[in-house]
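Notes for the structure review
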Amino acid sequence: MGIRFILMVNKQGQTRLAQYYEWLTLEERRALEGEIVRKCLARNEQQCSFVEHRNYKIVYRRYASLFFLVGVDNDENELAILEFIHLLVETMDRHFGNVCELDIMFHLEKAHFMLEEMVMNGSIVETSKANILTPIQLMDKSS
């Protein structure tokens, strides 16, 4: 598979968006998110953006007040996942205009829709910002 989950978390550790590509119970998700968020937020800027946790490799990056965390298989390329996180942020920036935590909170369905356009069943399927945003812009026009 590749990508197992994507989390967007604020500096206080509150999850703002969670997308899973494997089945976990709600209790397992809560426990996993808590462990990963505590581990990643405790790290400083000088440490690398890759952490191994349980059977996952966590690749994360901080943009402004949001942390983007992606859980992947151990054999996944970390730099490719960092590029994916950057693409996701650039895509959200293009749509929201300098994306922030409030954009994610108030437009959660659009953020999920962008992720669904980019990732299918744990595999990255779309990397063109224009192709990702076109359906969302069409929905905005029709409403």
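Residues numbered from 1 in each chain as written. Predicted model: local features only at pLDDT ≥ 70, side-chain atom pairs only at ≥ 80, totals over all residues. Heavy atoms only, no water.

1. Structural notes on the sheet that holds strand β2 (residues 15-20)
Convention followed: Two strands qualify as a pair provided that DSSP identifies no fewer than 2 bridges between them. Helix numbering and strand numbering both begin at the N terminus, where a helix is a DSSP run of H or I of at least 4 residues and a strand a DSSP run of E of at least 2. Here an angle of 0 to 180 degrees is reported between the N-to-C directions of two axes, which are lines fitted to C-alpha atoms, with helices fitted over the stretch in contact. Whether two residues are in contact is decided by their heavy atoms: any pair within 4.5 Å suffices.
On the basis of which strands lie adjacent, the open sheet formed by five strands has the order β2-β1-β5-β4-β3 and antiparallel pairing. Single-partner strands in this sheet number two, and they are β2 and β3 (50-53). Neighbouring strand axes in the sheet, compared pairwise and without regard to direction, differ in orientation by 20 degrees on average. As defined by bridge partners, β3 adjoins strand β4 (residues 56-63) across four bridges and the pair is classed as antiparallel. Directly across from His 53, in β4, lies its bridge partner Tyr 56. Taken strand by strand, helix α1 (residues 26-41) contacts β1 (3-10), β2, β3, β4 and β5 (66-72), and its axis lies near 140 degrees from that of β3. Where helix α2 (residues 78-96) meets the sheet, it contacts β1, β3, β4 and β5, and its direction lies at approximately 40 degrees from that of β4.

2. With respect to the packing of aromatic side chains
The following threshold applies: Two rings from Phe, Tyr or Trp (for Trp, the six-membered ring) form a pair when their centres are within 6.5 Å of each other. A pair whose planes differ by under 30 degrees is stacked, one over 60 is edge-to-face, and the rest are tilted. Only protein chains enter the accessibility calculation, which uses a 1.4 Å probe. A residue is then buried if its area is under 20% of the maximum for its type, exposed if over 50%, and partly exposed in between.
What the rule picks out here adds up to three aromatic pairs. Note on Tyr 63 and Phe 68: the rings are 5.9 Å apart at their centroids and 85 degrees apart in plane angle, and the pair reads as edge-to-face. The same class applies to Tyr 63 and to Phe 68, which are both buried.

3. Here we look at unusual backbone geometry
Most peptide bonds are trans, and most residues other than glycine sit at a negative phi. Positive phi, close to 55 degrees, is recorded for Ala 64, a residue that is not glycine. Looking at Ala 64, the relative accessible area reads 62%, which means it is exposed. Not every positive phi belongs to a glycine, and Asn 121 is a case in point at roughly 55 degrees. Relative to the helices and strands, Asn 121 is located in the loop between β6 (119-120) and β7 (123-124).

4. Details of the UniProt feature "domain: AP complex mu/sigma subunit" (unreviewed entry) in the chain
We count it as follows: UniProt positions are given in the numbering used here, feature names are shortened, and annotations may be inferred rather than shown by experiment.
According to UniProt, the positions carrying the feature "domain: AP complex mu/sigma subunit" (unreviewed entry) are residues 3-141. Within residues 3-141, the helical portion is 47% and the strand portion 27%, while the C-alpha atoms at the span's ends are 32 Å from each other.

5. Observations concerning α1
In plain terms, the rule: Here the expected length of a helix is defined as 1.5 Å per residue gap, with one fewer gap than residues.
Here α1 spans 22 Å end to end across 16 residues, near enough to the 22 Å set by a 1.5 Å rise per residue. Residues of α1 that are buried include every one of Leu 32, Glu 33, Gly 34, Ile 36, Val 37 and Cys 40, and no others. The inward-facing, buried residues of α1 contact β1, β2, β3, β4 and β5.

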